[in-house]
Amino acid sequence: MDMSPQKHADSEKKRLQKTESIQPQGVLLVLDSQLFIQYCSENVDELLQLPYTAVLGRNVDEFTNTADIEQIHSLKGLGDWRSFGLLNLRIRQGDNWLNCNAAVSYDNHRWLVELELQAQNEDQNALFGQLFIPTRALLWQLNREQDLHSYTHKVAELVRQVTGYDRVMMYQFDHNSDGEVIAESRSTQMNSCLGNRFPASDILAQTQALRSQNLTWVTANRKCATVPVHGAPDIDTDQPLDMTYSAYRSLPLVDLEHLGSLGVAAALTISLTQNGRLWGLLMCHHNTPKNVTLRERKLYEFIGRTISIKLPDLQRNEQPLLQSEQDFRRLAELSNDMTVRLQGDGTISYVSSIVKSLLGHTVESLQGTPFTLLLNDEGVDAFERGQQALEQAGVTQKIALKFRHTDRHSVWVEATMWQPESSAGPGQGVVLSAHDVSQRQKYQRLIEELNQHNSLQQQDQDGNDQQPVTSQTFLDQTSEAVVIAGADGRIQSVNRSFCEITGYTSQEAIGRNPSILQSGIHTAHFYESLWRSLSEKGRWKGEIWNSRKNGEVYPQLGSISIIRNNDGSIRNYVAVFSDVSKAKEAENNLFFAQNHDLLTGLPNRQYCLDKVRHVIAEKAQAVPGVAVVFLDIDRFKLLNDAQGHHTGDRFLQAVAQRLAEACPKNGLLCRWGADEFVLVLEQVTNRDGIAVIVQTLFNALAKPLKLAGHELIPSACVGISFYPEDAADAQGLMQAAETALYLAKERGPSSIELFTPLLAERLQRKFEVASELRRAIRNDELTLNYQPQIDCKTAELLGVEALVRWQHPVNGLMSPVTFIPLAEELGLIGLLGDWVLDKAMVQMARWRDQGHPVPQVAVNIAPQQLVPGFADHVRDLLAKHQLPASMLELEITEGALERDDRIIGLLQALRDMGVLLAIDDFGTGYSSLAHIKHLPVTCLKIDKVFIDDLPDDAYDVAIIRTVSALGHSLGFRVLAEGVETEEQFLFLVEQGIDTIQGYYFGKPMEASTLEQWIIDRDKG
């Protein structure tokens, strides 16, 4: 027996290709070169309403039309360069016709036609609009990734989102064909396989070879019975049926058993190849049966090919992300299209450097130039119409513009024009991306001239048509592809650019139908619309997705025209198109960079606002509403400050992923900025359902997260608004949700607040007060009162505490309890604190000059003031007012001391220059004694809350005695504030308290009143 490796391989391949059955999701027809049916699946009766015995041996033209026969013939040789062609065929079912998607492959003089019965109500554009375009955009987004680990995990996540499978794993094979799971994305009910390894023997070499050709293998239901395949009685059984490119081929029993051992009901495998070799696999598993349509299979093959192209370029080093504006300009400069940014007045604020080669102008010469000066009159009219449409509709516009080159020749472009969120609205700025189509315009004019001179097709003296005559030299010079077909639709002539773009030689293309370029992406409806335009207008223009000879799907932009004879009959079809894949890639990258957050990958604020505007416009006449859920992550600033931005970024990425996984199907999750996220919900018919969604988000966040050696429990506050109840437009709806969030944050972590007009009024009032406070600080409308601090033993005046007061012109005297927390909340406390510090020193200098014996002034310092440079600021103020440092005491809360160990260094610098330091409200914070003993303070100030119930409250008595003993043992002066009665005063004296402050000796008073108080006291 011959057991040579070749014989063994051939035998193994035959065993793998041996086909006695297929999966029941489709119907199989195998045709010979004359299109007679040699094999068919037993379930053919479901499609043709005839038993398989009545179908075998008949010609397929009995069941379809001539046009579809032509489509099948046009795919001859397909197996040499791509897995299968996807056609839409009309199949006769008795007296009716059905539209069926068909996967067609050709090999060994046989056609393999696998038919999928389409549901009658299927939206033909659903796959292309809802899956292909966003998937393509996301893949191009990932194309910027340079780290293999990051890229593969993002790909696994993307594929799981697109396919809907429960688990997606990426396998990588090494040079020995041993495999490892290097990336994974899975639902919570699936076990992780990340890092699992398996030897090459688990996958036969022939199986790997087949998977490098058939890029998508599907098992819709592991337990479902297969459908037998029968052959005609006269079939040559020595020639096996090649099922290499079959969409419905049954999986080998060993693979089905493996899926069963994993508890998997359905599987999808997408092959990743390099130079014809299997680099790896994307293995998708599902817990329940899951069908994959032929259109979806084509999409998944596109995903696999796109990833395969990217893999060789990956490096294992991270590249820093660019800032938004840098990213915009980088992408603009990399594009072959001209990018222009216009100000609201129509002048140019930015133009990419390609403008030099396109229009002859330098970038510098166009800064501040009115854009319309570059256009001719026709171009100006087109631009103004496009701008008007953009402002009215708020959606991207595509227009044709005619520019003037510096050498005076005309340049035609097709431009995409949109408004960034930052400049949205009438009379605001726009961005244009312009693609040069001058060659196409020139060639269309040439076609018209050739038509007028009857030079496309000459007639002999007998009136017989001859071969088309074209200016081939000219055609070969143009960078755009040109195809000339006869009235029968077969290609008669192509130019050099056609061959370069498609990969076909002229010999391969001439005589064939242009359908050899079809990608299978477009539906029958698309082509019906195309032919309708040709029939009615004699011309079609637009974007179409075709396939190159190597199977790569790419976008092309162009037009098709009909050339007619004098009698009106069709003489030729002329197509002119250009490959815009690179332009599309740059356009999509630019769009993504402008509309997505680079840290989390989520849509950004601009995209969110555009989405809400769009949804509101759609729902304006509809009953279902819209909800905006505004989330603010609790305590993120504390984490970011304490652990650094790197940890903060990782935290935000983890939070974003958790929120995205918990996001409902009718929601869009966006990153609004910093630690804020927005969830936009459509089709909201029940407000109560929002509570369930928010709780789901809370539950997703609340899982422990380990970062930088700490276990964190993320949480968030939420504000919610509804359209149309709370606002009539996008901006108002967002503002309403943000208002509700603001009040939720006041209530504390994990709070939820629904918007009401009352909330808006409260918030508006807060901001009004904040605005007035800012004005009061700027215009010196605030005043300082001073409360005496008295020595318990001698009753001497030791100093005063400066306390700020606000005499509001309308509301009268406002308590510090009202406006100081507001100043802290709105970031005004630093400004207010600096004002108080300066004015207190001004008053001390005045008292010194006037001879009033005020030894020192105590000033409260907010934690926000304790920043690098504060000590120098204090030194400068002391020098400015010529005060000794010993006359100034700074009061700091315990909370400020807990913020950062670097605060100790700042306090030491103040103490070294002679400034006195007191811990204010001592006993209300959580400072450890071990921490306090190292602080360079001079005084402990006991809070009023421990004084009020003296001497009757035993707990307060114990606290006073403990603080007094502690302070004195550490060498600190101890001060009690809020002393109002003689009984309190005498008790504190007994406990050895050094200094008293409170109404018992004097309330806070204006400077002039304090001066009189000192005089009266001295007299007494």
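Quick caveat: nothing in here was measured; it's all calculated off a predicted structure.

Chemist: Any details on the overall build of the protein chain? Residues and values, ideally.
Modeler: Regarding its fold elements, the protein chain presents 34 helices and 41 strands. By the burial criterion, 53% of the 1020 residues in the protein chain qualify as buried. Contacts in the protein chain between residues far apart in sequence, at least 24 positions, make up 61% of those at least 6 positions apart. Carbon and sulfur atoms form 49% of the exposed surface of the protein chain, whose accessible area is close to 47500 Å².

Chemist: I'd like a rundown of the packing of helix α27 (residues 829-850) against helix α28 (residues 870-881), residues and numbers included.
Modeler: The interhelical angle for the contact between α27 and α28, taken along N-to-C directions, is 30°, at an axis separation of 10 Å. Comparing their axes, α28 and α27 come out roughly parallel. Pair α27 / α28 crosses with right-handed handedness. Between α27, through Asp 834, Leu 837, Asp 838, Met 841, Val 842, Ala 845 and Arg 848, and α28, the contact on the second element is made entirely by Phe 870, His 873, Val 874, Leu 877, Leu 878, Lys 880 and His 881. Broken down by class, the residue content of the contact of α27 with α28 amounts to eight nonpolar, two polar and four charged.

Chemist: Pulling in residues and values, what's your account of the pattern of salt bridges?
Modeler: Taken as a whole and judged by the stated rule, the model has 20 salt bridges. For Arg 671, the salt bridge goes to Asp 597, with nearest N and O atoms at 3.1 Å. Here Arg 671 is found in strand β27 (residues 667-673), whereas its partner Asp 597 is found in the loop between α19 (581-595) and α20 (605-619), with 74 residues between them in sequence. Across the pair, exposure class does not vary: Arg 671 and Asp 597 are buried alike. Between Lys 941 and Glu 801 there is a salt bridge, with its nearest N and O atoms 2.7 Å apart. Here Glu 801 lies in strand β34 (residues 797-808) and Lys 941 lies in strand β39 (residues 939-942), a separation of 140 residues in the sequence.

Chemist: Describe empty space enclosed by the protein, and please don't skip the residues or the numbers.
Modeler: Summed over all chains, the structure comprises eight cavities of 30 Å³ or more. The calculated volume of the largest cavity comes to roughly 100 Å³. Taken together, 13 residues form the lining of the largest cavity, with Tyr 106, Asp 107, Arg 110, Leu 112 and Asp 242 sitting closest to its centre. Of all the secondary-structure elements, those providing two or more residues to the lining of the largest cavity are β5 (96-107) and β6 (110-117).

Chemist: I'd like to hear about helix α13 (residues 377-393), residue by residue, with values.
Modeler: Relative to the 24 Å expected for 17 residues at 1.5 Å per residue, α13 spans 24 Å between its end C-alpha atoms, a close match to the ideal helical length. If you check which residues of α13 are buried, you get Gly 379, Val 380, Ala 382, Phe 383, Gly 386, Gln 387 and Leu 390. Down the axis, α13 shows its buried residues gathered within 165° of arc, on one side only. Across from the buried face of α13, at angles greater than 90 degrees, the exposed residues are Asp 377, Arg 385 and Gln 392. In the core, the buried residues of α13 are packed alongside β14 (338-342), β16 (397-404), β17 (410-418) and β18 (430-436). If you check the start of α13, you find a side-chain oxygen 2.7 Å away from the backbone N of Gly 379, and it comes from Asn 376. A positive phi of about 75° marks Gly 394, the residue just after α13.

Chemist: I'd like a description of the pairing of β5, backed by residues and values.
Modeler: Bridge count for strand β4 (residues 85-93) against β5 is nine bridges, and the pairing is antiparallel. Its bridge partner being in β5, Leu 89 is matched across the sheet by Cys 100.

Chemist: Run through the sheet that holds strand β24 (residues 553-564), naming residues and quoting values.
Modeler: The strands making up a sheet associate through hydrogen bonds between their backbones, and the pairing can be parallel or antiparallel. Here we have five strands laid out as an open sheet, ordered β22-β21-β25-β24-β23, and antiparallel in their pairing. On the outer flanks of this sheet lie β22 (491-494) and β23 (539-547), each paired with one strand and no other. Between one strand axis and the next, the sheet turns by 25° as a mean value, whatever way the strands run. Bridge count between strand β21 (residues 481-486) and β22: three bridges; the pairing is antiparallel. What sits directly across from Val 483, in β22, is Val 494.

Chemist: Quick one: what's the story with the packing of aromatic side chains, residue by residue and with numbers?
Modeler: Across all of its chains, the model carries 13 aromatic pairs by this definition. Arranged with centres 5.7 Å apart and planes meeting at 85°, the rings of Trp 531 and Tyr 573 form a pair that is edge-to-face. Placement of the pair is Trp 531 in helix α18 (residues 524-537) and Tyr 573 in strand β25 (residues 570-579), with a sequence separation of 42 residues. With a relative accessible area of 47%, Trp 531 lands in the partly exposed category. Note on Phe 630 and Trp 672: the rings are 5.5 Å apart at their centroids and 75° apart in plane angle, and the pair reads as edge-to-face.

Chemist: Please provide a residue-by-residue account of the sheet that holds β18, values included.
Modeler: Pairing in this open sheet of five strands is antiparallel, and the strands run β15-β14-β18-β17-β16 from one edge to the other. Each end of this open sheet is capped by a strand with a single partner; those strands are β15 (348-351) and β16. Pairs of neighbouring strands in the sheet enclose a mean axial angle of 30°, with direction left out of account. As judged from the six bridges shared by β17 and β18, these two strands associate in the antiparallel manner. Looking at β18, one finds that Val 413 is bridged to Asp 436. Sitting on the sheet, α13 is in contact with β14, β16, β17 and β18, with an inclination near 155° to β16.

Chemist: How would you summarise the nonpolar core if you had to cite specific residues and measurements?
Modeler: In globular proteins that are soluble, nonpolar side chains generally tend to be buried together. Counting residues in each nonpolar core, the largest one holds 83 residues, and the members touching the most others are Val 859, Val 874, Leu 888, Leu 890, Leu 910, Val 915 and Leu 988. Per-element accounting of this core gives the leading share, ten residues, to α27. Beyond its immediate stretch of four places on either side in the chain, Leu 988 contacts Ile 947, Leu 950, Ile 960, Ala 976, Val 979, Ile 993 and Ile 996. Counting residues in each nonpolar core, the second largest holds 44 residues, with Phe 63, Ala 102, Leu 115 and Ala 232 among its members.

Chemist: I'd like a description of the pairing of strand β40 (residues 973-977), backed by residues and values.
Modeler: Every regular strand shows the same layout, with side chains that alternate between the two sheet faces. Burial runs high along β40: four of the five residues are buried. Where β39 and β40 come together, four bridges link them in parallel fashion. Pairing of Ile 942 across the sheet is with Ala 976, part of β40. For the segment spanning β39, helix α32 (residues 954-969) and β40, crossover handedness is right-handed. Across three bridges, β40 lies against strand β41 (residues 995-997) in parallel orientation. Across the sheet, residue Ala 976 finds its bridge partner in β41, namely Ile 996. Running through helix α33 (residues 982-990), the crossover from β40 to the neighbouring parallel element β41 is right-handed.

Chemist: Hey, could you go over the confidence of the model for the protein chain for me, with residue numbers and the actual values?
Modeler: Confidence along the protein chain averages 79 in pLDDT terms, with 80% of residues attaining 70 or more. Here residues 1-18 scores under 50 on pLDDT; set against residues more than four positions off or in separate chains, the count is 16 contacts. The low-confidence segment residues 119-129, where pLDDT is below 50, has 18 contacts with residues more than four positions distant or belonging to other chains.

Chemist: If you had to explain the state of the cysteines to someone new, which residues and values would you point to?
Modeler: Enumeration according to the criterion identifies zero disulfides in this entry. For Cys 608, which is in no disulfide, the shortest distance to another cysteine sulfur is to Cys 670 and amounts to 3.9 Å.

Chemist: Could you give an account of the environment of Asp 849, with specific residues and numbers?
Modeler: Note on placement: Asp 849 falls in helix α27. Its relative accessible area of 59% is what places Asp 849 among the exposed residues. Only 3.1 Å separates the side chain of Asp 849 from the side chain of Arg 848, close enough to count as a polar contact.

Chemist: Could you give me a rundown of unusual backbone geometry, with the residues and numbers involved?
Modeler: Geometrically, the link from Tyr 723 to Pro 724 is a cis peptide bond, its omega value of 10° lying close to zero. Assignment of secondary structure puts Pro 724 in the loop between β31 (716-723) and α24 (730-747). Residue Pro 951 is bonded to the preceding Leu 950 through a cis peptide linkage, with omega at 0°. Inspection of the secondary structure assignment puts Pro 951 in the loop between β39 and α32. The backbone phi angle of Arg 635 is positive, close to 60°, even though this residue is not glycine. A residue is classified by how much of its surface remains accessible, and Arg 635, at 48% relative accessible area, is partly exposed. Unlike most non-glycine residues, Ser 750 shows phi in positive territory, near 60°.

Chemist: Account for the side chain of Gln 865, naming residues and giving values.
Modeler: Residue placement: Gln 865 occurs in the loop between β36 (857-860) and α28. Given a relative accessible area of 5%, Gln 865 falls into the buried group. Polar contacts involving the side chain of Gln 865 include one to the side chain of Asp 834, which spans 3.2 Å.

Analysis parameters
- Residues numbered from 1 in each chain as written.
- Predicted model: local features only at pLDDT ≥ 70, side-chain atom pairs only at ≥ 80, totals over all residues.
- Heavy atoms only, no water.
- Helix = DSSP H or I, 4+ residues; strand = E, 2+ residues; numbered from the N terminus.
- Buried < 20%, exposed > 50% of the residue type's maximum accessible area, 1.4 Å probe, protein only.
- Contact = heavy atoms within 4.5 Å.
- Areas by Shrake-Rupley, 256 points an atom, 1.4 Å probe, with all protein chains shown as cover.
- Axes fitted to C-alpha atoms, helices over the stretch in contact; angles between N-to-C directions.
- Parallel < 35°, antiparallel > 145°, perpendicular 65-115°, else oblique.
- Left-handed = near helix turned anticlockwise from the far one by under 90°.
- Nonpolar A, V, L, I, M, F, W, Y, C, P; charged D, E, K, R; others polar.
- Salt bridge = Lys/Arg side-chain N within 4 Å of Asp/Glu carboxyl O.
- 1 Å grid on protein atoms, 1.4 Å probe; cavity = no way out; pocket = protein on both sides within 12 Å on 5 of 7 lines; lining within 4 Å.
- Points joined across faces, edges and corners; volume = space filled by probe spheres on them.
- Expected span 1.5 Å × (residues − 1).
- Arc of directions from axis to C-beta.
- Polar contact = N/O pair within 3.5 Å; in protein donor to acceptor, adjacent residues only side chain to side chain.
- Pairing = 2+ DSSP bridges.
- Phe/Tyr/Trp six-rings, centres within 6.5 Å; stacked < 30°, edge-to-face > 60°.
- Core = buried A, V, L, I, M, F, W, Y, C linked by side-chain atoms within 4.5 Å.
- Right-handed = clockwise from strand over helix to strand, strands pointing away.
- pLDDT = per-residue confidence, 0-100.
- Disulfide = S-S within 2.5 Å.

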